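Residue-level structure breakdown
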Amino acid sequence: MRAVRLEAVGSIALREVDKPVAGPQDVLVRIEACGVCGTDRHLLHGEFPSSPPVTLGHEFCGIVEAVGEAVSGIAVGDRVTGDPNISCGRCSHCRAGRVNLCSNLRAIGIHRDGGFADYVVMPQSQAFLLPANLKPTHGAFCEPLACCLHAVDLAGIRPGASVVVLGGGVIGLLVVQLAKLAGAATIVLSTRQASRRALAEGLGATATVDPSSVDAIDAIAGPVGLVPGGVDVVLECAGVLDTVEQSTQLAKSGGTVVIVGVMPQGEKVAFEPFDVLFRELKVLGSFINPFTHRRAADLIASGAIEVDRLISRQVTLEEAAAVIANPGAPGEVKVLVVPGIG
Ligand code: NAP
Ligand code: ZN
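Quick look at the structure, then.

**Considering the coordination of the zinc ion (ligand 2)**
The coordination sphere of the zinc ion (ligand 2) contains the protein donors Cys88 (SG), Cys91 (SG), Cys94 (SG) and Cys102 (SG), at a distance range of 2.3 to 2.4 Å. Metal-centred angles of 101 to 119° between the four donor atoms at the zinc ion (ligand 2) mark the site as tetrahedral. In primary-sequence terms, the residues that donate to the zinc ion (ligand 2) follow C-x2-C-x2-C-x7-C. Here Cys91, found in the loop between β7 (85-86) and α2 (92-95), pairs with Cys102, found in the loop between α2 and β8 (106-107); they are 11 residues apart in sequence, far enough to count as distant. Given a relative accessible area of 7%, Cys102 falls into the buried group.

Shown next as structure tokens:
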């Protein structure tokens, strides 16, 4: 079968490899779609640790082609989405129910072979059923949505709340939709590209801001801004210095800031401890998707989350390595690799 292999840091190529075989507890899945994520680019450039040689791709869905003898509840022909993050179940964090903090976390598409391929094998515990009538490409959004759900859960958005989302990539655009579902009355998205601001306004943002033409803090939280004094919840979904520094200044006193964007390891930002103390801000980190994959799959299956408008392009397995090796094109939100079209 075909697989997009990270052969070493800096080296990625489509290769012919053996079709994997399902062990007793595994399911073998024929990939329908697998999303390209910023993390794939970080893995290629060695900015995120992985275990090459390995097949990349951690946002996938497909059809079960074979199941191991100990598998129950999933059958050949079922459509499934994979939760790529495999926790050990034995470390102190797992035993405390904090599986995303597992000391031995291993991820499909990072440490073991993933979904930029014709087939993937995963433990049954990572597979979640999707409806047979779902559009195949939609299942690829379960993984990013599950990460966004964790962030929105941590944020504690209540009906009527005011929310700022910083960064209008796929994560920010999913978070906007979840904030709306959670009942936020005001949802402001700050992102530089006009096409993304327009998209966000169609997906539930009540206002948008272009941080390259206005001062985002003044425009949002200033005395004559959109929400004078700041908002209940800020979700930082860009992972850049500017937005992380803005995040505490956009929260109102007593507000919550959730850091979702990934900044390069070791990088530092400036913040004012006095401000965090005096205004009792809560600053939280949100990492991956603990116990949220099932809910993400249900939201995708129900159609409550719009994903069609987030798909910028569908590419073949043959094109995938070049897509990962190059930066995303302007305006692009999500690129899906669809083995069936090539
Ligand atoms: P993305 O497509 O790169 O989106 C981030 C967007 O932020 C950029 O495309 C950019 O859009 C915008 N941005 C950049 N500078 C900005 C600024 N100064 N002000 C406002 N917006 C700015 O990435 P993504 O896939 O949506 O992911 C977002 C972040 O979440 C990434 O850092 C990713 O690694 C991280 N992530 C975290 C988790 C987790 O578990 N915590 C899970 C998945 C992803 P414009 O060009 O329109 O400004
Ligand atoms: Zn563990």
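**A closer look at the site of ligand 1**
Near ligand 1 lie 22 residues; those nearest to it are Thr191, Arg192, Arg196, Ser286 and Ile288. The separation between an oxygen atom of ligand 1 and a polar side-chain atom of Arg192 is 2.7 Å. Compared with its free state, where it exposes 900 Å², ligand 1 has 83% of that area covered by protein. Secondary-structure elements contributing two or more residues to the shell around ligand 1 are α4 (170-181) and α7 (241-250). Classifying every residue of the shell around ligand 1 gives 11 nonpolar, eight polar and three charged.

**Re α4**
Along its 12 residues, α4 runs 17 Å from first to last C-alpha, staying within 8% of the 16 Å computed at 1.5 Å per residue. Of all the 12 residues making up α4, nine are buried; the element is thus mostly covered by neighbouring parts of the structure. Looking at α4, one finds that the buried residues are Val170, Gly172, Leu173, Leu174, Val175, Val176, Gln177, Leu178 and Ala179. Backbone geometry just after α4 places Gly183 at a positive phi near 100°.

The rules we used
- Residues numbered from 1 in each chain as written.
- Chains lettered and ligands numbered in written order.
- Predicted model: local features only at pLDDT ≥ 70, side-chain atom pairs only at ≥ 80, totals over all residues.
- Heavy atoms only, no water.
- Donors = N, O, S within 2.8 Å, 3.2 Å for Na, K, Ca; no water.
- Tetrahedral: all angles 85-135°; square planar, octahedral: opposite > 155°, others 65-115°.
- Helix = DSSP H or I, 4+ residues; strand = E, 2+ residues; numbered from the N terminus.
- Buried < 20%, exposed > 50% of the residue type's maximum accessible area, 1.4 Å probe, protein only.
- Near = heavy atom within 4 Å.
- Polar contact = N/O pair within 3.5 Å; in protein donor to acceptor, adjacent residues only side chain to side chain.
- Areas by Shrake-Rupley, 256 points an atom, 1.4 Å probe, with all protein chains shown as cover.
- Nonpolar A, V, L, I, M, F, W, Y, C, P; charged D, E, K, R; others polar.
- Expected span 1.5 Å × (residues − 1).

Just geometry here; none of it tells us what the structure is for.
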